[in-house]
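Read off the chains here:
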Amino acid sequence: MAAEGMLFLDFYTANPLCSPSYTPQDIVGGIQDSELLLPELLKKAGYINKIIGKWHLGHRSQFHPLKHGFDEWFGSPNCHFGPYDNRELPNIPVYRDWEMIGRYGDAVREIDDSIGKILRHLQQLGISENTFVFFTSDNGAALISAPKQGGSNGPFLCGKQTTFEGGMREPAIAWWPGHIPAGGVSHQLGNVMDLFTTSLSLAGLQPPSDRQIDGIDLLPVMLQGKLIDRPIFYYRGNEMMAVRVGLYKAHYWTWSNSWEEYGKGTDFCPGQSVSGVTTHTQEEHTYLPLLFHLGRDPGEKFPLSFASEEYQRAMERITGIVQQHKDTLVPGEPQLNVCDKAIMSHVEKLQFGFPVKHSLVVENLGKQLDSVEESPRIARSLQFTIKIPPEEGVHHCNSLEILISPQIVVSDISPLLKDPVAFRTLIDLLEDHVRASFPKIDFIAGLDSRGFLIGPPLAQRLGIGFVLIRKKGKLPGPTESVSYALEYGKAELEIQTDAVEPGQKVVIVDDLLATGGTMCAACELLKRMKAEILECLVVIELKPLKGLEKLNSTPFYSLLQYD
């Protein structure tokens, strides 16, 4: 295929996992109707669309491919697509006609043989010159299965689940006899998202103009041999971990996997440990990114010296590109915050647990807020009620609930921030509590980052100042810092040394208390400053995570508790 088409040596997936929009079986959300998928657009040019293989965009019927532009689907939702040799754990395809050479080797043989049959069949039908075929992968080889089943990423560092080259740089071949010159090799920086734009161009269609499209049209590269100057951004979850510009790659964060996983034998980079690079804690390098020249060092083993002229020159260009990217970034809408009736029916009423003058009701899964004037005693408690409608099926929830699994319901304040009345009520509740509890307060201290959303309006209501407690490297001037453990590694918090004076009274505010590590670190910082901590105040407490135990005798208060 490569001999008859064009080989891309610098092609990337969009995510180091098999699907950034992967939805496990216990998630009931999926791709929304507002998203425009490629087959929906190709229909405008008269194409009939078929998908073969697993589908990772929602396993409920309303999210299936046939509801989103595909005319035929031969595959399965959310799991590997047969043949199977284990009903409980579906297997990858195995090549059963030759001697077994291992699970990975057989899968490669099967893919190689199957693609060859497809290309030969297109030629036999006489339609090869009217058919564009593109071969690539969804992520690097999963080295956690090495050496027997994990495959190889050649000279590249690490593998699947990391943003090193071995996790996201993929083989890619474009095949279109009579159009793409045979035997071509391109160093164009490409990304799987480019296939959306390129396919539309092949069909004579324009990309949608009502949304940001990240992919570029690769036809000038394939047909005319052009090179298009563009960066590649490496994301892991919501975090931009690295960026590639030309032959330079700058790491703004490094992480392979946690020490806990590593201690249990899970290694994303077996035999490839690079000091300060393949870190087992999430290490931030945003102020001095680790810079590699991938032409000289494709294995990312030798970062350039921060003091070198080459580093300064390359980073001057990269910094501008990253800043423009972040300034123009349009965050995607979460598409999994959907509630299942059977799972959510057990959370019909939650008590905030202290007297207030408001009642917040979520009814028929739509938010309604009633401000209730009570007697001077203010005897009622705030109630957060979810009433499940009688209809069967799946419904969007405008509430504090985000479904993670049938056993775990994680709470979030995002819906409150979107609703001005609800957010104002939240600040009312916090103000009522603080005024009733403490006659004198000097400052509200907010934790990075959602404490910054709650703390300033609360401080303004109380007529006092607000103090920032931030992650390391974010504050100007002299700072005091403390290191603390997270469930996935370590982190540091900082406060400016002149933020508070000894003896001043402070209330610490954040949105959530989970494991308690960050709140405990904030208390340690303020104690070093000899401030008096009146209370740690949060909106939501996840009690099963036992974060309160870490605070020891420090006073604590939460509006809403989840058992």
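To be clear, the structure that these remarks concern was listed above.
What you see is a predicted model, and the numbers here were worked out from it, not measured in a lab.

Engineer: Got a minute to help me understand the overall build of the protein chain in this structure?
Structural biologist: Check the secondary structure of the protein chain and you find twelve helices and 28 strands. Burial analysis of the protein chain (563 residues in total) assigns 46% to the buried set. Within the protein chain, residue pairs in contact and separated by at least 24 positions form 63% of the contacts whose partners lie at least 6 positions apart. Approximately 28700 Å² of the protein chain is accessible, and the part contributed by carbon and sulfur atoms is 53%.

Engineer: Whenever I open this one, the state of the cysteines confuses me. Can you help?
Structural biologist: Each disulfide consists of a covalent bond between the sulfur atoms of two cysteine residues. Counted by the stated rule, this structure contains one disulfide. A disulfide bridge connects C158 with C269, and the sulfur atoms are separated by 2.0 Å. With the S-S dihedral at roughly 105°, the linkage between C158 and C269 falls on the right-handed side. Of this pair, C158 sits in the loop between β4 (133-135) and α3 (165-168) while C269 sits in the loop between α6 (259-263) and β12 (283-284); the two residues are 111 residues apart in sequence, bridging distant segments of the chain. Judged by relative accessible area, C269 falls into the buried class, the value being 5%. Unpaired in this structure, C520 has its nearest cysteine sulfur neighbour in C523, at a distance of 6.4 Å. Assessed through its relative accessible area of 30%, C520 is described here as partly exposed. Free of any disulfide, C536 has its nearest neighbouring cysteine sulfur in C523, separated by 3.4 Å. Among the residues examined, C536 registers a relative accessible area of 0% and is labelled buried.

Engineer: How do you make sense of the environment of L57 when you look at a structure like this?
Structural biologist: Assignment of secondary structure puts L57 in the loop between β2 (50-52) and β3 (72-74). In this structure L57 comes out as buried when scored by relative accessible area, which is 19%. Sequence separation between L57 and G29 is 28 residues, and the spatial gap between their C-alpha atoms is 8.4 Å.

Engineer: Can you walk me through the environment of L560 in this structure?
Structural biologist: Note that L560 resides in strand β28 (residues 556-562). In this structure L560 comes out as buried when scored by relative accessible area, which is 0%. Taking the C-alpha atoms as reference points, L560 and I540, separated by 20 residues in sequence, lie 4.8 Å from one another.

Engineer: Would you mind going over helix α12 (residues 517-528) with me for this structure?
Structural biologist: Every α-helical turn comprises 3.6 residues, leaving residues that sit three or four positions apart pointing alike. The end-to-end C-alpha distance of α12 is 17 Å, a good match for the 16 Å that twelve residues give at a rise of 1.5 Å each. Within the sequence span of α12, burial applies to G517, M519, A521, A522, C523, L525 and L526. Once α12 finishes, K530 follows within two positions and takes phi at roughly 65°, a positive value.

Engineer: Sorry if this is basic, but what is going on with the sheet that holds strand β13 (residues 290-293) here?
Structural biologist: Within a beta sheet, neighbouring strands are joined by backbone hydrogen bonds and run either parallel or antiparallel to one another. In space, the four strands of this open sheet follow the order β8-β9-β10-β13, with antiparallel pairing throughout. Pairing within the sheet leaves two strands with one partner each, and these edge strands are β8 (232-236) and β13. Across the sheet, the axes of successive neighbouring strands diverge by a mean angle of 20°, strand direction being ignored. Across four bridges, the pairing between strand β9 (residues 239-245) and strand β10 (residues 248-251) is antiparallel. Note on β10: the bridge partner recorded for A242 is H251. Sitting on the sheet, helix α7 (residues 309-328) is in contact with β8, β9, β10 and β13, with an inclination near 125° to β9.

Engineer: Please explain the side chain of T198 as it appears in this structure.
Structural biologist: For T198, the position within the fold is in helix α4 (residues 194-202). Discounting chain neighbours no more than four positions away, the residues touching T198 are I216, D217, L218, L219 and M222.

Engineer: How should I be thinking about the pattern of salt bridges in this particular structure?
Structural biologist: A pair can form between side chains of opposite charge whenever their charged atoms are brought close. All chains considered together, the criterion is met by 25 salt bridges. In this structure, the salt-bridge partner of R461 is D428, at a minimum N-O distance of 2.7 Å. Highlighted residues: R461 in helix α11 (residues 451-462) and D428 in helix α10 (residues 420-437), separated in sequence by 33 residues. Judged by its relative accessible area of 16%, D428 falls in the buried class. Among the salt bridges present, the one from D511 reaches R450, with a minimum N-O distance of 3.8 Å. Of this pair, D511 sits in strand β26 (residues 505-513) while R450 sits in the loop between β22 (443-447) and α11, placing them 61 residues apart in sequence. We classify D511 as buried; its relative accessible area is 12%. Sharing partners across several salt bridges, the network here consists of D10, E165, R169, R244, K249 and E300.

Engineer: Help me understand α11, please; the structure alone is not making it clear to me.
Structural biologist: Across its twelve residues, α11 extends 16 Å between first and last C-alpha, which sits within 8% of the 16 Å expected from 1.5 Å per residue. Looking only at α11, the buried set comprises G451, F452, I454, G455, L458, A459 and L462. Each buried residue of α11 lies within a common arc of 160° when the element is viewed along its axis, so the set occupies one face. At its buried positions, α11 is contacted by α10, β22, β23 (465-471), β26 and β27 (532-542). Just beyond α11, the residue with positive phi is G463, at close to 70°.

Engineer: So what exactly am I meant to see when it comes to the pairing of β28 here?
Structural biologist: A regular strand carries its side chains on alternate faces of the sheet. Counting buried residues in β28 gives six out of seven residues, a clear majority hidden from the surface. Judged from the six bridges that link them, β27 and β28 form a sheet pairing that is parallel. In the strand pairing of β28, C536 is matched with F556.

Thresholds, definitions, all that
Residues numbered from 1 in each chain as written. Predicted model: local features only at pLDDT ≥ 70, side-chain atom pairs only at ≥ 80, totals over all residues. Heavy atoms only, no water. Helix = DSSP H or I, 4+ residues; strand = E, 2+ residues; numbered from the N terminus. Buried < 20%, exposed > 50% of the residue type's maximum accessible area, 1.4 Å probe, protein only. Contact = heavy atoms within 4.5 Å. Areas by Shrake-Rupley, 256 points an atom, 1.4 Å probe, with all protein chains shown as cover. Disulfide = S-S within 2.5 Å. Expected span 1.5 Å × (residues − 1). Pairing = 2+ DSSP bridges. Axes fitted to C-alpha atoms, helices over the stretch in contact; angles between N-to-C directions. Salt bridge = Lys/Arg side-chain N within 4 Å of Asp/Glu carboxyl O. Arc of directions from axis to C-beta.

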